[in-house]
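Chain by chain, the residues run as shown.
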Amino acid sequence: MVEPEWIPFVPLSRDWTVNPCLLDRDSGLTHPEQTLGKGRSQVNYIAPVTGRTGRAEGTRNAPARRELPLDRILVGDCIAEMARLPDKCVDMIFADPPYNLQLGGDLMRPEGGKVDACDDDWDKFDSLAVYDDFTREWLEQARRILKDDGTIWVIGSYHNIYRVGSLLQDADFWILNDIVWRKANPMPNFRGTRFTNAHETLLWCAKDEKARYTFNYRAMKALNDDLQMRSDWVLPICSGGERVKDEFGEKAHPTQKPEALLYRILLACTKPGDVVLDPFFGTGTTGAVARRLGRKWIGIEREKAYVKVATQRIESTLPLDESAMETVPDKRSQPRVAFGLLVESGMVPAGSFLTDSKRRWKAHVRADGSLSCETHAGSIHKVGAALQGAPSCNGWTFWHVEKNGVLLPIDTLRAAHLSGL
C-alpha cells in the first residue's frame, strides 16, 4: 500500500466546513486525525482538486445510500449518517440539537453545591457562525430525507432557537406552530440575576405551505379533556425514576426530555407504523416513546455512552396493546357522508322535519336530501346559514331530529352511519 502524500489545504469558501487540514494529494481525503472543531465529529470530505487555473474542480464525496435501518441506532455524525439515508424516507423528524449554551465556569447553588449543568464538548462551538453552518448542514439533510407530507419538530432554548428558526425558514420549511413547553418544575436561577428560565420552544414545520401533513386534531382534543389543545404545554422536566442513569448512578444525559413531551408530539403528528427519525438521539426518549406507540424509529447518536443506555432503555420498553393505540379518528380521515345518504338509508326519511336546537325553525326534508324552510331551499348548510343571516353554517350540528322527545343533532346519525360501514 502506497503511503499517502499529505499536503496542506485551507478552505477558500464557506461551503467547505472543514478547518485548515492535511489532504492526500491523490484521493483528496482529509487526514483521519483532522478535527473539525468543537461540537463536530470527524467526517471525511472530498477536497477541491485545483488545476492550473486554481479553481476548485472537485466536489464533496457522495456517500452510498443504505437501506432504511428501522428501529436501529446509527452510531456516528448526524450529517454523515443522514446523508446515507434514501430521499423522502421518514414521516417525522424530532430534533433536539446542541443548544450552544455558552456556559462560562461552574454554576453554584446558594449552599455551595455545584449545579450539574450541560457543559459537554458536544454542546460547544467555536463561534455562532460555526453553529449556523452546522445547523444549515443538518437541516439540508433533514429536508432531503423527509417525505413531502412529513413534518419536523425542533426544540431549543433562547440560546439557539431563534437562529434555528431563521435557518428553518431559509431552508424553505413552513412553520406551522411554535409551541411553548412551560416547565412545571424548572430549575431556579441560582445567581438571581435573571428571570427563571422556565420554558423551551418547539418549532413544528412542514416542507411547504401546501403540504398535506398529519395532524390528529381530535386525538389532541381528547387528550385535553375535549378542549382544543393550545400551543402552551405545561409538563414537568425529566426527573426521578424517568431520569436515565449511567453505570455509576449519575444522570446519563444533562438535557434528557420527558417522555410526556414526545408522547404528545408523536400522538399529534404520526400514525401507527410511521417512521420517526431523531438525529440527536441522546438517551433514546424518541425511540422509547415510538416503540410504545407502535411507530418505527431511527436514531443517530455519536456518543457511545448515550448509545449504550439508549439501547438498554428501548429494549426494556413495552409497546402498547394494539387496541390501546386506537385514538379518536380525525374527521378529515373518515369517509365523506352526504346528508342524502341518510335520506336514502331511511335514517332521516324524506318528508320528515328537522329543527334547530331552540326550535325556532322547522325544515322539511325533501327526497333529494335538500331542505326547504320558509322561502329558503338547498343543502343543510345553505338553509341553516340563510335562516340565521350568517355567511356559513355547519348543518350537521345546527339541525336536529327528535327521538323520543329528545333533540339529537343529525351529526349523531352520521356517526352511527359511519360505524356501520
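Residues numbered from 1 in each chain as written. Predicted model: local features only at pLDDT ≥ 70, side-chain atom pairs only at ≥ 80, totals over all residues. Heavy atoms only, no water.

Quick word on the pattern of salt bridges
Consideration 1: Considering all chains together, one arrives at 18 salt bridges under this definition.
Consideration 2: Of the charged contacts in the structure, one is a salt bridge between Arg163 and Asp132, with a shortest N-O distance of 2.7 Å. Here Arg163 is found in helix H3 (residues 161-170), whereas its partner Asp132 is found in helix H2 (residues 128-145), with 31 residues between them in sequence.
Consideration 3: Overall, the relative accessible area of 31% leaves Arg163 in the partly exposed class.
Consideration 4: Under the relative-accessibility criterion, Asp132 is labelled buried at 11%. (Salt bridge = Lys/Arg side-chain N within 4 Å of Asp/Glu carboxyl O. Helix = DSSP H or I, 4+ residues; strand = E, 2+ residues; numbered from the N terminus. Buried < 20%, exposed > 50% of the residue type's maximum accessible area, 1.4 Å probe, protein only.)

Observations regarding the sheet that holds strand E8 (residues 232-235)
Consideration 1: Spatial strand order, E3-E10-E9-E4-E5-E7-E6-E8: eight strands in an open sheet with mixed pairing. A strand with exactly one partner marks an edge of an open sheet, and here the two such strands are strand E3 (72-75) and E8. Looking at each pair of strands side by side, their axes are set apart by 20° on average, direction ignored.
Consideration 2: Here strand E5 (residues 146-156) pairs with strand E7 (residues 199-206) via six bridges, running antiparallel. Opposite Thr151, over in E7, you have Ala206 as the bridge partner.
Consideration 3: Against the sheet, H2 contacts strand E4 (90-95), E5 and strand E9 (275-278), and its axis sits at roughly 145° relative to E5.
Consideration 4: Against the sheet, helix H6 (residues 285-292) engages E4, E9 and strand E10 (296-301), with an angle of about 170° to E10. (Pairing = 2+ DSSP bridges. Axes fitted to C-alpha atoms, helices over the stretch in contact; angles between N-to-C directions. Contact = heavy atoms within 4.5 Å.)

Concerning the environment of His199
Consideration 1: Inspection of the secondary structure puts His199 in strand E7.
Consideration 2: Residue classification places His199 among the partly exposed positions, given a relative accessible area of 36%.
Consideration 3: Placed 42 residues apart in sequence, His199 and Ser157 show a C-alpha to C-alpha distance of 7.6 Å.
Consideration 4: Setting aside anything within four residues of it in sequence, one finds His199 in contact with Val180, Trp181, Arg182 and Lys183.

Examining H3
Consideration 1: Looking only at H3, the buried set comprises Ile161, Val164, Gly165, Leu167 and Leu168. For H3, the arc enclosing every buried residue in end-on projection is 165°, short of the 170-degree limit, so these residues lie on one face. H3 presents Tyr162 and Asp170 as exposed residues on the side facing more than 90 degrees away from its buried surface.
Consideration 2: Here the buried face of H3 lies against H2, E5, strand E6 (174-183) and E7.
Consideration 3: Within two residues after H3, Asp172 carries a phi angle of roughly 75°, on the positive side. (Arc of directions from axis to C-beta.)

Here's the deal with the packing of aromatic side chains
Consideration 1: The final tally for this structure, using the stated rule, is 12 aromatic pairs.
Consideration 2: Taken together, a centroid distance of 6.2 Å and an interplanar angle of 65° make the contact between Phe134 and Phe280 edge-to-face. Within this pair, whereas Phe134 is found in helix H2, its partner Phe280 is found in the loop between E9 and H6, the two being separated by 146 residues in sequence.
Consideration 3: Note on Trp361 and Phe398: the rings are 6.2 Å apart at their centroids and 40° apart in plane angle, and the pair reads as tilted. Note that Trp361 is positioned in the loop between strand E11 (353-355) and strand E12 (362-365) and Phe398 in helix H10 (residues 395-398), a separation of 37 residues in sequence.
Consideration 4: Judged by its relative accessible area of 15%, Trp361 is buried.
Consideration 5: Members of the aromatic cluster, connected to one another through ring pairs, are Trp153, Trp204, Tyr213, Phe215, Tyr217 and Trp233.
Consideration 6: Taking the ring centre of Phe353 as reference, the NZ or CZ of Lys362 above it sits at 4.8 Å.
Consideration 7: One residue, Arg414, lies across the ring of Trp396, its end atom 4.3 Å from the ring centre. (Phe/Tyr/Trp six-rings, centres within 6.5 Å; stacked < 30°, edge-to-face > 60°. Lys NZ or Arg CZ within 6 Å of the ring centre and 35° of its normal.)

Thoughts on the side chain of Thr317
Consideration 1: Mapped onto the secondary structure, Thr317 falls in the loop between helix H7 (304-315) and helix H8 (339-345).
Consideration 2: Thr317 sits in the buried class, given a relative accessible area of 15%.
Consideration 3: Discounting residues that sit within four places of it in the chain, Thr317 has contacts with Ala288, Arg291 and Arg292.

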